[in-house]
Amino acid sequence: MKKIISLILVFATSIMVLGKERQKIIFDCDFGGDIDDAFAVALILSSPEFEILGLIMDHGNTPLRARTACKFLYEVGRDNIPVIVGK
């Protein structure tokens with residue numbers, strides 16, 4: 001039943017987005033500290049109304065956060081999205 005509801009939601013969202021230009025976004029986060037940013041990235045990746053231009057890591061150990069984000073994107077098949085390392 002959950003799968004059917006999920007498919008209906010995806011279909012309904014696709015119909016609403018059809019014919020509309022996707023919103024281009026750059027997501028600025030501190031991926032890897034808490035799970036909230038991973039959930040947010042998963043949400044925007046699954047939202048057809050967004051076109052993700054890149055992720056920016058901006059707090060703490062940014063090289064480690066960027067590597068974690070790159071691994072996440074690779075695992076979900078979206079490693080074509082650039083990850084920018086901040087200071």
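Described below are features of the structure shown in this document. Computed from a predicted structure; not experimentally measured.

Here valine 76 is to be found in the loop between α3 (62–75) and β3 (83–85). Given a relative accessible area of 43%, valine 76 falls into the partly exposed group. Along the sequence, valine 76 and alanine 42 sit 34 residues apart, while their C-alpha atoms lie 9.0 Å from each other.

Within the open sheet, the three strands sit side by side as β1-β2-β3. Their pairing is parallel. The sheet is open, and its two borders are formed by β1 (23–29) and β3, each paired with just one other strand. Along the sheet, successive strands turn relative to each other by an average axial angle of 20°, direction set aside. Across the face of the sheet, α3 comes into contact with β2 (50–57) and β3 while running at roughly 175° to β3.

Bringing the pairing of β1 into the picture now. Pairing between β1 and β2: seven bridges, direction parallel. Each bridged residue has a counterpart across the sheet, and for phenylalanine 27 the counterpart in β2 is leucine 55. In the classification by handedness, the crossover that spans β1, the intervening helix α2 (residues 36–46) and the parallel β2 is right-handed.

What counts, and where the lines are drawn
- Residues numbered from 1 in each chain as written.
- Predicted model: local features only at pLDDT ≥ 70, side-chain atom pairs only at ≥ 80, totals over all residues.
- Heavy atoms only, no water.
- Helix = DSSP H or I, 4+ residues; strand = E, 2+ residues; numbered from the N terminus.
- Buried < 20%, exposed > 50% of the residue type's maximum accessible area, 1.4 Å probe, protein only.
- Pairing = 2+ DSSP bridges.
- Axes fitted to C-alpha atoms, helices over the stretch in contact; angles between N-to-C directions.
- Contact = heavy atoms within 4.5 Å.
- Right-handed = clockwise from strand over helix to strand, strands pointing away.

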